[in-house]
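# Inside the fold
Below are the chains, spelled out letter by letter.
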Amino acid sequence: MKLADLLSDWQGTQLENRWNRWIILGLLGIVLLLSLQAFRRERIVVLQPVTLSQEAWVSRDAASQSYKEAWGFYLAQLVGNVTPGSLEFVKQRLQPLLAPQIYQAVMATLQQQSQQIQQNRLTLRFEPRAVEYEAASNKLFVYGHSVEEGVSERCKKSSERTYEFVLQIAHYAPLISALDTYQGAPRTLATVSQQEAKP
């Protein structure tokens with residue numbers, strides 16, 4: 001009788017060991033899958049700077065609308081408010097943000113404009129009124145009032161101006177892949193299609 005109890009207990013122990021081995025292998029597989037998923041998961045950084053009215057986030061190659069709008073506002077302020085003494089500062093701040101495909105063109109335009117500003121002793125002032133992000137075209141529009149002042153009062157010109165940017169995110173940093181400025185309201189897709197529809 002005692003021998004039968006011993007054998008049944010031994011078989012039970014062996015069965016339990018087999019089940020434990022399978023359970024341990026399954027748990028090990030789950031841990032490996034979770035580890036791989038944790039390493040492959042893209043990190044998202046959540047920001048709440050002073051200039052933003054709502055929470056913003058940025059990942060390796062994407063960002064929230066509020067983050068892009070804040071950058072558009074900053075860039076329009078940077079490019080739109082220029083004096084002969086601040087030209088080099090503006091260039092230095094803009095250079096690392098330019099995409100390689102537009103770098104040379106933007107730098108050549110800035111050089112040309114800087115010569116005009118220094119020769120004519122001009123001061124550019126921009127007062128933003130609206131920031132709009134168009135997700136369909138990935139464009140940022142910063143619209144406002146622009147004033148160009150020379151040495152005398154007669155050289156003063158004012159107009160409504162729009163700064164248009166296409167902002168990409170590369171390795172958590174903003175990259176300007178298109179930059180344009182023009183007089184008048186933003187040329188959004190809706191505005192352009194309305195103008196094309198008019199006879």
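Residues numbered from 1 in each chain as written. Predicted model: local features only at pLDDT ≥ 70, side-chain atom pairs only at ≥ 80, totals over all residues. Heavy atoms only, no water.

Before going further, it helps to examine the overall build of the protein. Scanning the protein from terminus to terminus reveals 5 helices and 6 strands. Its helices and strands taken in sequence order, the protein reads α-β-β-α-α-α-β-β-β-β-α from the N to the C terminus. Per-residue burial over the protein gives 30% buried out of 199 residues. Sequence-distant contacts, at least 24 apart, represent 46% of the contacts inside the protein between residues at least 6 apart. Within the structure as shown, the protein displays about 13800 Å² of accessible surface, and the carbon and sulfur contribution to it stands at 56%. (Helix = DSSP H or I, 4+ residues; strand = E, 2+ residues; numbered from the N terminus. Buried < 20%, exposed > 50% of the residue type's maximum accessible area, 1.4 Å probe, protein only. Contact = heavy atoms within 4.5 Å. Areas by Shrake-Rupley, 256 points an atom, 1.4 Å probe, with all protein chains shown as cover.)

A few words now on the nonpolar core. As a rule of thumb, nonpolar side chains are buried together in soluble globular proteins. Core analysis: the biggest nonpolar cluster contains 25 residues, and Leu 75, Leu 94, Leu 98, Tyr 163, Phe 165 and Ile 176 have the highest contact counts within it. Elements represented by at least two residues in this core include exactly α2 (65-80), α3 (87-94), α4 (100-120), β3 (123-134), β4 (139-149) and β5 (157-170). Top contributing element to this core by residue count: α4, with 5 residues. Leaving out residues up to four positions away in the same chain, Tyr 163 has contacts with Ala 76, Val 79, Gly 80, Phe 126, Leu 140, Phe 141, Val 142, Asp 180 and Thr 181. (Core = buried A, V, L, I, M, F, W, Y, C linked by side-chain atoms within 4.5 Å.)

What follows is about a nonpolar patch on the surface. Judged by side-chain polarity, Leu 15, Trp 19, Ile 23, Leu 27, Ile 30 and Leu 34 come together as a nonpolar surface patch covering roughly 650 Å² of accessible area. Inspection of the secondary structure assignment puts Ile 23 in helix α1 (residues 2-40). (Patch = residues over 30% accessible without salt bridge, like charges linked within 9 Å, V, L, I, M, F, W, Y side chains within 5 Å. Salt bridge = Lys/Arg side-chain N within 4 Å of Asp/Glu carboxyl O.)

What follows is about α4. The first and last C-alpha atoms of α4 sit 31 Å apart over 21 residues, in line with the 30 Å expected at 1.5 Å per residue. Taken residue by residue, α4 has Ile 102, Val 106, Met 107, Leu 110, Ser 114 and Ile 117 as its buried positions. Viewed along the axis of α4, the buried residues span an arc of 130°, placing them on a single side of the element. In α4, the exposed positions angled more than 90 degrees off the buried face are occupied by Gln 104 and Gln 119. Packing partners of the buried residues in α4 comprise α3, β3 and β6 (173-183). Among the residues trailing α4, Arg 121 stands out with phi positive, at a value near 50°. (Expected span 1.5 Å × (residues − 1). Arc of directions from axis to C-beta.)

Bringing the pairing of β6 into the picture now. As defined by bridge partners, β5 adjoins β6 across 10 bridges and the pair is classed as antiparallel. If you follow Thr 162 over to β6, its bridge partner there is Tyr 182. Remark: 2 residues form the turn of the hairpin made by β5 and β6, two consecutive strands paired antiparallel; His 171 in that turn has positive phi of roughly 55°. (Pairing = 2+ DSSP bridges.)

Read across the sheet, 4 strands follow the order β3-β4-β5-β6 without closing on themselves; strand pairing throughout is antiparallel. The two strands at the open ends of the sheet, each matched to only one other strand, are β3 and β6. When the angles between neighbouring strand axes are averaged without regard to direction, this sheet yields 25°. The pairing of β4 with β5 spans 10 bridges and is classified as antiparallel. (Axes fitted to C-alpha atoms, helices over the stretch in contact; angles between N-to-C directions.)

The subject of this paragraph is unusual backbone geometry. The backbone phi angle of His 171 is positive, close to 55°, even though this residue is not glycine. Take His 171: it is sitting in the loop between β5 and β6. Of the residues examined, His 171 reaches a relative accessible area of 62% and is grouped as exposed. Although it is not a glycine, Tyr 172 sits at a positive phi angle of roughly 70°. Mapped onto the elements of the fold, Tyr 172 is located in the loop between β5 and β6.

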